[in-house]
Amino acid sequence: MTSPTPQQPPRTQSAPPPQTTEPTDVPQQAQASQEPEAPQTPATSPAAPYEETRIERAIGRGFGRATGRALAPYQTAVIRIGFSATWLLFLLREWPNRANLYGPEGPWSTDMARQLLDTNHAFSVLLWSGSRGWFEFVYFVAILAAAGLMLGWRTRTMSVLFMLGVISLQNRSIFIGDGGDNVIHLMSMYLVLTRCGQVWSLDARRAKRAEAAGTAAPARDLTGVVLWAVLGLGLAVAQLSGGHGLTWFGHGPFPHIGWSLVLWGLWATHGLWWAVQRHAPGEPRVVLDTLAKLAHNGALLVIMVEVCLIYATAGWYKIQGTRWQDGTAVFYPMHLDYFSPWPALSQLLGSNGVMIMLITYGTVIVQVAFPFTLFNRRLKNVLLVVMICEHLSIAILLGLPFFSLAMIAADAVFLPTNFLTWLSGHVSGLRERLFSRGGAATADGAAGGGEPEARTDHSGGGHTLVG
């Protein structure tokens, strides 16, 4: 007999099956039956992306527009050229009378001017010395600064010198001037904060040549370094000698900020900008460039608001006058000898009652309505042409050319970009035909009429120390 084969014991229903995997979740289910149910999130499901609200998207778009690029390059260039040319022509016209208007030979003496400026806390470098030589030097530098700003040479430095020339001469004799001088006074300070040399300037031409050569900036900038050092030395001498109006934390262009802090701050900023552009690429350059674009766009907005306030206040004040209400206000200045450079033309227009009424009412309507038409491009452009024609008529009929030029320059901030680019292209084409010198002249002229995207995204006026 053979031995029997070992038999496995039979499995019963109550025997558990062999465990080949992890224990099941039966105990967890039993525990869950005793505790309240809690919602469980699958561990593998991705988190829902954050969705911005409409307000957040609007704020982001606004911030990107304010810091992404320097807006209105052509408009700010026209403003720069217009105001600097107006001031330059005025200084040249008054060259024979400069000593009587602003110098020590005038009826408003230096001592009287110093007493007045001590009261109203205005600023003028002419009060640093009462000598005739200092006055002649300041007047000559004001002419050079106006010419340099008009041409766009070292725009950042020329804008500061232009501002100092304007406020120094005007504050020296505040009773000489009109509304156009007030506009130039304000705009000279705003231009310091703008990148007004992006186009139609020697700075833009120099930056274009450097870009064509494959370099972000010239290897050496001896002119800029010398100019920056000389201006810093002159400011240090004036500060140590106790120049009139040079305070640190009071009686300056802003509350609790004196002229010393402003001028030294601008001088240091120009040096910092030069150093960062050459030796600190990356984030420092991006930060400074963003701040510069923000300052430019903010100043541009202030200029636009200023122009609207000028026309709105002028129009509403005219409405309150009885002569403007009855339509005869324009009649009286046309019959004054002081405002009649062309007596025959003034007499011809002044004798027509219908024309006088139309001009009077039309002036008030245009000035009051203009700020409200900015949201309608076509209507704004029509009123802009009307206002420019109005200022041209004031220059011819009333003999106020510098007032009219200043107001036309202020109106230029609202000129359409398409018109300015069209004008730039035609001027470049005319220059090519008149001064053609082969391919180089053609290339420069062709590039002069396009949008300055490349220059706007970087320095807006060339990577120079004070350009």
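Structure first, text after, so check above.
Note that the coordinates shown come from a computational prediction; the quantities given were computed from them, not determined experimentally.

1. A word on helix α7 (residues 155-172)
Look at α7: 25 Å from first C-alpha to last across 18 residues, which is about the 26 Å you get at 1.5 Å a residue. The buried fraction of α7 is high, at 18 of 18 residues.

2. Some thoughts on the environment of A142
Mapped onto the secondary structure, A142 falls in helix α6 (residues 132-151). Residues A142 and S168, spaced 26 residues apart in sequence, show a C-alpha to C-alpha distance of 9.3 Å. Beyond its immediate stretch of four places on either side in the chain, A142 contacts L91, G165 and L169.

3. Remarks on the packing of helix α16 (residues 377-397) against helix α17 (residues 401-411)
Running from N to C, α16 and α17 cross one another at 165°; their axes reach a closest spacing of 8 Å. The pairing of α16 with α17 is recorded here as roughly antiparallel in orientation. Note on packing geometry: the crossing formed by α16 with α17 is left-handed. Every residue of α17 that contacts α16 at L384, M387, I388, H391, L392, I394 and A395 is listed here: P401, F403, S404, M407, I408 and D411. Here the residues of the contact of α16 with α17 are counted per class, giving ten nonpolar, two polar and one charged.

4. Describing empty space enclosed by the protein
Scanning the model with the defined rule gives one cavity of 30 Å³ or more in all. The computed volume of the largest cavity comes to approximately 60 Å³. As for the largest cavity, its lining consists of Y102, G103, P104, T110, L126, S129, G130, S131, F135 and R172. Taken together, the residues that form the lining of the largest cavity break down as four nonpolar, five polar and one charged.

5. Notes on the pattern of salt bridges
Under the defined criterion, the tally for this structure stands at ten salt bridges. For R114, the salt bridge is made with D111, and the minimal N-O distance between the two is 3.5 Å. Here R114 and its partner D111 are both found in helix α5 (residues 110-120), three residues apart, which amounts to about one turn of the helix. The partner of R132 in a salt bridge is E136, with the nearest N and O atoms 2.8 Å apart. Taken as a pair, R132 and E136 lie in helix α6 at a separation of four residues, close to a single helical turn.

What counts and what doesn't
- Residues numbered from 1 in each chain as written.
- Predicted model: local features only at pLDDT ≥ 70, side-chain atom pairs only at ≥ 80, totals over all residues.
- Heavy atoms only, no water.
- Helix = DSSP H or I, 4+ residues; strand = E, 2+ residues; numbered from the N terminus.
- Expected span 1.5 Å × (residues − 1).
- Buried < 20%, exposed > 50% of the residue type's maximum accessible area, 1.4 Å probe, protein only.
- Contact = heavy atoms within 4.5 Å.
- Axes fitted to C-alpha atoms, helices over the stretch in contact; angles between N-to-C directions.
- Parallel < 35°, antiparallel > 145°, perpendicular 65-115°, else oblique.
- Left-handed = near helix turned anticlockwise from the far one by under 90°.
- Nonpolar A, V, L, I, M, F, W, Y, C, P; charged D, E, K, R; others polar.
- 1 Å grid on protein atoms, 1.4 Å probe; cavity = no way out; pocket = protein on both sides within 12 Å on 5 of 7 lines; lining within 4 Å.
- Points joined across faces, edges and corners; volume = space filled by probe spheres on them.
- Salt bridge = Lys/Arg side-chain N within 4 Å of Asp/Glu carboxyl O.

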